[in-house]
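So the chains spell out like this:
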Amino acid sequence: MNGTHLKGCRKARGWTQAEVSRRLKVTQAYVSMLEQGKRSLPPRLARRAVRLLRLPATTLPLPEATPSKKFSQQFFAEQLGALGYPGYAYLRHIKVQLNPAQLLVAMLMCDRVESRLVEALPWLPYRYAAMDWEWVVRQAKLHDVQNRLGFIVELGRDLAERRSLPQAVALAQVAEALQDSRLAKEGTLCHEGMTQVERRWLRENRQPEARKWNLLTDLKLEYLVHAD
């Protein structure tokens with residue numbers, strides 16, 4: 001979100017600058033400078049504005065580079081619940097802090113993620129297909145997790161196709177764009193601590209999609225029981 005977006009959303013609701021400034025707890029002069037592009041919208045204020053104007057989570061600010069901070073498994077669960085993931089519906093009361101795009105990349109960057117959280121990953125592109133894919137793909141390539149991303153996006157596409165939803169086309173295009181950057185090195189889907197026995201079994205029994213993305217995982221569409 002930037003000042004221009006803020007102005008458009010304010011006018012769409014029929015609010016004056018004075019009303020928005022009161023609700024955001026800043027001065028009217030500051031709101032005016034934001035809308036004129038004379039000031040940038042700080043992340044904390046942007047999050048407050050998103051909640052105030054009831055905008056989609058995809059409008060939350062994205063960092064220019066993925067922070068090195070490691071989030072906890074509990075934080076991932078809370079953010080998924082806050083974003084509406086059915087598997088963590090009991091956490092809906094938590095405030096959304098991350099854009100779904102940032103949450104997706106942050107989870108994919110982790111080498112050890114709980115199985116229940118991994119099962120939630122395809123829901124993010126499925127539910128938030130309008131996220132900033134240019135940012136997501138760029139960050140995935142920077143951190144060498146494009147194989148994980150491609151696999152998850154394809155599962156999200158499969159979820160959309162199962163329900164004949166239009167976002168299936170957009171997700172198919174994202175997956176196709178990632179194919180040329182696939183890594184030859186074999187990896188896992190956020191489960192680098194698996195044993196050699198597990199690796200050998202998955203190498204022989206993984207689904208074609210996992211083989212395509214050089215991933216050792218047994219995740220497949222049938223396991224995504226909470227995704228829709």
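Residues numbered from 1 in each chain as written. Predicted model: local features only at pLDDT ≥ 70, side-chain atom pairs only at ≥ 80, totals over all residues. Heavy atoms only, no water.

(A) Local environment of the side chain of T59. Within the element layout of this structure, T59 appears in the loop between α4 (43–53) and α5 (73–83). A polar atom in the side chain of T59 sits 2.6 Å from the backbone oxygen of P56. For T59, the contacting residues outside a window of four places in its chain are M1, H5, V50 and N99. (Helix = DSSP H or I, 4+ residues; strand = E, 2+ residues; numbered from the N terminus. Polar contact = N/O pair within 3.5 Å; in protein donor to acceptor, adjacent residues only side chain to side chain. Contact = heavy atoms within 4.5 Å.)

(B) Highlighting helix α3 (residues 28–35). Of the positions making up α3, those classed as buried are V31, S32, L34 and E35. Buried residues along α3 cover an arc of 160 degrees about the axis, so they all sit on one side. G37, located one to two residues past α3, shows a positive phi value of around 80 degrees. (Buried < 20%, exposed > 50% of the residue type's maximum accessible area, 1.4 Å probe, protein only. Arc of directions from axis to C-beta.)

(C) Representation of the environment of N205. Mapped onto the elements, N205 comes out in helix α12 (residues 196–205). Residue N205 is classed as partly exposed on the basis of its relative accessible area, which comes to 40%. A polar contact of 2.7 Å, which involves the side chain of N205, links it to the backbone oxygen of W201.

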